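Single-letter residue listing:
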Amino acid sequence: QVQLVESGGGLVQPGGSLRLSCAASGFTFGNYAMSWFRRVPGKERELVASITSGGSTNYEGFVKGRSIISRDNSKTTVYLQMNSLEPEDTAVYYCNSPCGDGNTYFSSWGQGTQVTVST
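Please read all numbers here as calculations on a predicted model, not as lab measurements.

Student: Could you give an account of the pairing of strand S9 (residues 91-96), with specific residues and numbers?
Tutor: Burial runs high along S9: six of the six residues are buried. Relative to S9, strand S4 (residues 34-39) runs antiparallel, the two being bridged by five bridges. Bridge assignment links Trp 36 to a residue of S9, and that residue is Cys 95. Bridging between S9 and strand S12 (residues 113-117) involves three bridges; their strand directions are antiparallel. Considered in S12, the bridge of Tyr 93 is made with Thr 113.

Student: Explain the state of the cysteines residue by residue, including any values.
Tutor: The final tally for this structure, using the stated rule, is one disulfide. A sulfur-sulfur distance of 1.7 Å marks the disulfide that ties Cys 22 to Cys 95. Here the S-S torsion is close to 55°, and the disulfide linking Cys 22 with Cys 95 is therefore right-handed. Pair noted here: Cys 22 is in strand S3 (residues 18-25) and Cys 95 is in strand S9, with a separation of 73 residues, a long-range link. In this structure, Cys 22 and Cys 95 share a single accessibility class: buried. A disulfide-free cysteine, Cys 99 has its sulfur positioned 15 Å from the sulfur of Cys 95, the nearest such atom.

Student: Please provide a residue-by-residue account of the side chain of Thr 104, values included.
Tutor: One can find Thr 104 in strand S11 (residues 103-104). From its side chain, Thr 104 meets the backbone oxygen of Phe 106 in a polar contact 3.2 Å long. In contact with Thr 104, not counting residues within four places along its chain, are Phe 37, Asn 96, Ser 97, Pro 98, Cys 99 and Trp 109.

Student: Go over the layout of surface pockets, please, and point to the residues and values.
Tutor: Empty space within the largest pocket amounts to approximately 150 Å³. Partitioned by chemical class, the residues of the lining of the largest pocket number two nonpolar, one polar and six charged.

Student: Break down the sheet that holds strand S5 (residues 46-51) for me, with residues and values.
Tutor: Strand order in the open sheet formed by six strands is S2-S12-S9-S4-S5-S6, with mixed pairing between adjacent strands. The strands lining the two open edges of the sheet, one partner per strand, are strand S2 (10-12) and strand S6 (57-59). Taken pair by pair, the neighbouring strands of this sheet meet at an average axis angle of 25°, ignoring direction.

Criteria and thresholds
Residues numbered from 1 in each chain as written. Predicted model: local features only at pLDDT ≥ 70, side-chain atom pairs only at ≥ 80, totals over all residues. Heavy atoms only, no water. Buried < 20%, exposed > 50% of the residue type's maximum accessible area, 1.4 Å probe, protein only. Helix = DSSP H or I, 4+ residues; strand = E, 2+ residues; numbered from the N terminus. Pairing = 2+ DSSP bridges. Disulfide = S-S within 2.5 Å. Polar contact = N/O pair within 3.5 Å; in protein donor to acceptor, adjacent residues only side chain to side chain. Contact = heavy atoms within 4.5 Å. 1 Å grid on protein atoms, 1.4 Å probe; cavity = no way out; pocket = protein on both sides within 12 Å on 5 of 7 lines; lining within 4 Å. Points joined across faces, edges and corners; volume = space filled by probe spheres on them. Nonpolar A, V, L, I, M, F, W, Y, C, P; charged D, E, K, R; others polar. Axes fitted to C-alpha atoms, helices over the stretch in contact; angles between N-to-C directions.

The structure is reproduced here in structure tokens:
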């Protein structure tokens, strides 16, 4: 059974940093691309960044230059290092495997981790 467990969020001031983690299990982690998404209540889910099974990365414009996505296949974990955080980054962050057009391969979602950027 696919399990995705996000952690590492918290309350930070603008300009601060956080490192999010997503611990995955129940599938062959090393064979799947992984993405970070974020969601605000009442708004659409938004893709943040992706990393392929081989380590190639892609970032949406609003985080490019401020965030780094990485993975550790031995730990079956994907990370999102976020720097220079802005209030607009406030959201619940989730991980899943991308399958194009903003959709995900797995229907199972984790609990997400809350990121709040505020003075």
